[in-house]
Amino acid sequence: MLELREYVEYVEGNSPIVLTAPHDGTHKPVEIPERTQGLKIRDMFTSNVAWSICEQSEEISKPHLIVLRLHRSKLDVNRERSKAADKDSTDALEIYDL
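Residues numbered from 1 in each chain as written. Predicted model: local features only at pLDDT ≥ 70, side-chain atom pairs only at ≥ 80, totals over all residues. Heavy atoms only, no water.

Engineer: Even after reading the chapter, I still don't get unusual backbone geometry, so can you show me in this structure?
Structural biologist: Leaving glycine out, the prevailing phi sign among residues is negative, and the prevailing peptide bond configuration is trans. If you check the backbone angles, phenylalanine 45 has positive phi at about 75° while not being a glycine. The topology assignment puts phenylalanine 45 in the loop between strand S2 (18-21) and helix H1 (46-56). (Helix = DSSP H or I, 4+ residues; strand = E, 2+ residues; numbered from the N terminus.)

This is how it looks when you write it as structure tokens:
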């Protein structure tokens, strides 16, 4: 059984800004089938950029940070739920719903 929360990293901030890196994940668990449609390539280094911005922010205005560690070929969270993952992938859809 997959530990779904290990595929999403969240750092709480204290400002209304939310930084996301939804397409830089590298994890490809065999239990989650590959998507059959849409882009499946990584947006490399976007999580590094998001982390850098977050770390350099002043404590009085820290953005929230969300990083998806799952590879885009398994889940694309920028799509509507019905197109984000293989329709039979309950694990990917649970991650989507986090």
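Engineer: Whenever I open this one, the nonpolar core confuses me. Can you help?
Structural biologist: For soluble globular proteins, nonpolar side chains are generally found buried alongside one another. Grouped together as the largest cluster of nonpolar side chains are 11 residues: Leu4, Tyr7, Ile32, Leu68, Leu70, Leu75, Ala84, Ala85, Ala92, Leu93 and Ile95. Ranked by size, the runner-up nonpolar core spans 6 residues in total, among them Leu19, Ala50, Cys54 and Leu65. (Core = buried A, V, L, I, M, F, W, Y, C linked by side-chain atoms within 4.5 Å. Buried < 20%, exposed > 50% of the residue type's maximum accessible area, 1.4 Å probe, protein only.)

Engineer: What is the right way to look at the sheet that holds S2 in this model?
Structural biologist: For sheets, the rule is that strands pair by backbone hydrogen bonds, running either parallel or antiparallel. Strand order in this open sheet of 3 strands is S1-S3-S2, and the pairing throughout is mixed. Edge positions in the open sheet fall to strand S1 (8-11) and S2, since each of these has one partner strand only. Averaged over all adjacent pairs, the angle separating strand axes in this sheet is 10°, with direction ignored. Inspection of the sheet shows S1 paired to strand S3 (residues 64-68) by 4 bridges, in the antiparallel sense. Across the sheet, valine 11 pairs through a bridge with leucine 65, a residue of S3. Seen against the sheet, H1 touches S1, S2 and S3 and runs at an angle of roughly 155° to S2. (Pairing = 2+ DSSP bridges. Axes fitted to C-alpha atoms, helices over the stretch in contact; angles between N-to-C directions. Contact = heavy atoms within 4.5 Å.)

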